[in-house]
Amino acid sequence: EVQFVESGGGLVQPGGSLKLSCTVSGVTADDYCAGWFRQAPGKEREGLACVGHSDGRTWHRESVRGRFTISRDNANGTIYFQLNSLRPEDTAIYHCAVKNQNLPYSFIHKLTLDHWGQGIPVTVSS
């Protein structure tokens, strides 16, 4: 069973920052891409970023490059998502997720995901 432990969301003012974290366990695929997608009320899911399990390569959706950065701690296996210069339109539920076979394009643009967590609310408001 694949499990996710997610934390780091909350309320932040415009221009502020948050750092999300996710620890994944139970993945049996030989390789995978682990990362984040978000969904706001009335909107479609939007893939944001992922990092390859084997090669450590990171991938970011074009629209968030320069503001959002995914990384991982090799010591404890935790994936991080640094969110900077937050805007009200970033308000959404942010989900940690896994795509088997390390297919970042599918993760970000097709969202053919295999596993995901319950998500963390991120609210950007004054």
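Residues numbered from 1 in each chain as written. Predicted model: local features only at pLDDT ≥ 70, side-chain atom pairs only at ≥ 80, totals over all residues. Heavy atoms only, no water.

Peer 1: I keep staring at the overall build of the chain and nothing clicks. Help me out?
Peer 2: Counting its regular elements, the chain contains one helix and 11 strands. Each helix (α) and strand (β) of the chain, taken in turn from the N terminus, gives the series β-β-β-β-β-β-β-β-β-α-β-β. In terms of overall dimensions, the chain has a C-alpha envelope of 45 × 30 × 25 Å along the principal axes. Taken over 126 residues, the chain has a buried fraction of 43%. (Helix = DSSP H or I, 4+ residues; strand = E, 2+ residues; numbered from the N terminus. Buried < 20%, exposed > 50% of the residue type's maximum accessible area, 1.4 Å probe, protein only.)

Peer 1: What should I look at first to understand the pairing of strand E11 (residues 120–124) in this one?
Peer 2: Looking down a regular strand, the side chains alternate between one sheet face and the other. Residues Ile120, Val122 and Val124 of E11 are buried on one face, while the alternating residues Pro121 and Thr123, pointing to the opposite face, are not. For strand E2 (residues 10–12) and E11, the ladder comprises three bridges, and the chain directions are parallel. The partner of valine 12 across the bridge, within E11, is valine 124. (Pairing = 2+ DSSP bridges.)

Peer 1: Looking at this structure, how should I read the state of the cysteines?
Peer 2: Formally, a disulfide is one covalent bond, and it connects the sulfur atom of one cysteine to the sulfur atom of another. Applying the stated rule across the entire model yields two disulfides. Each disulfide pairs two cysteine sulfurs, and for cysteine 22 the partner residue is cysteine 96, the sulfurs being separated by 2.0 Å. Between cysteine 22 and cysteine 96, the S-S dihedral sits near -85 degrees, and the bridge is therefore left-handed. Of this pair, cysteine 22 sits in strand E3 (residues 18–25) while cysteine 96 sits in strand E9 (residues 92–100); the two residues are 74 residues apart in sequence, bridging distant segments of the chain. Cysteine 96 carries the same exposure label as cysteine 22, and that label is buried. Put simply, cysteine 33 and cysteine 50 are joined by a disulfide, and their sulfur atoms are 2.0 Å apart. Disulfide cysteine 33-cysteine 50: the torsion about the S-S bond is 85 degrees, which places it as right-handed. Within this pair, whereas cysteine 33 is found in strand E4 (residues 32–39), its partner cysteine 50 is found in strand E5 (residues 46–52), the two being separated by 17 residues in sequence. Residue class for cysteine 50 comes out buried when judged on its relative accessible area of 0%. With its disulfide-bonded cysteines labelled consecutively along the sequence, the chain is connected as 1-4, 2-3. (Disulfide = S-S within 2.5 Å.)

Peer 1: In this structure, what is going on with the layout of surface pockets? I would like to understand it.
Peer 2: Gaps left between atoms show up when a probe the size of a water molecule is rolled over them. When its volume is computed, the largest pocket comes out at roughly 170 Å³. Secondary-structure elements contributing two or more residues to the lining of the largest pocket are E4, E5 and strand E7 (68–73). Considered class by class, the residues forming the lining of the largest pocket number five nonpolar, four polar and two charged. (1 Å grid on protein atoms, 1.4 Å probe; cavity = no way out; pocket = protein on both sides within 12 Å on 5 of 7 lines; lining within 4 Å. Points joined across faces, edges and corners; volume = space filled by probe spheres on them. Nonpolar A, V, L, I, M, F, W, Y, C, P; charged D, E, K, R; others polar.)

Peer 1: Where do I start with the nonpolar core in this structure?
Peer 2: Soluble globular proteins tend to bury their nonpolar side chains together. Core analysis: the biggest nonpolar cluster contains 28 residues, and Val24, Trp36, Phe81 and Tyr94 have the highest contact counts within it. When contributions to this core are tallied by element, the ones reaching two or more residues are E3, E4, E5, E7, strand E8 (78–83), E9 and E11. In this structure, tyrosine 94 is in contact with Glu6, Leu20, Trp36, Phe37, Arg38, Leu48, Phe68, Leu83, Gly119, Ile120 and Val122, ignoring residues within four places of it in sequence. Counting eight residues, the second largest nonpolar core, distinct from the first, contains Phe37, Cys50, Phe107 and Leu113. (Core = buried A, V, L, I, M, F, W, Y, C linked by side-chain atoms within 4.5 Å. Contact = heavy atoms within 4.5 Å.)

Peer 1: What's the story with the sheet that holds strand E1 (residues 3–7) in this structure? I'm lost.
Peer 2: Through backbone hydrogen bonds, the strands of a sheet pair up, either in parallel or in antiparallel fashion. Here four strands make up an open sheet; going across it, the order is E1-E3-E8-E7 and the pairing antiparallel. Each edge of the sheet is formed by a strand with only one pairing partner; in this case those strands are E1 and E7. Strand-to-strand, the axes of this sheet are offset by a mean angle of 20 degrees, without reference to chain direction. With six bridges joining them, E3 and E8 adopt antiparallel strand pairing. Bridge pairing links lysine 19 to glutamine 82 in E8. (Axes fitted to C-alpha atoms, helices over the stretch in contact; angles between N-to-C directions.)

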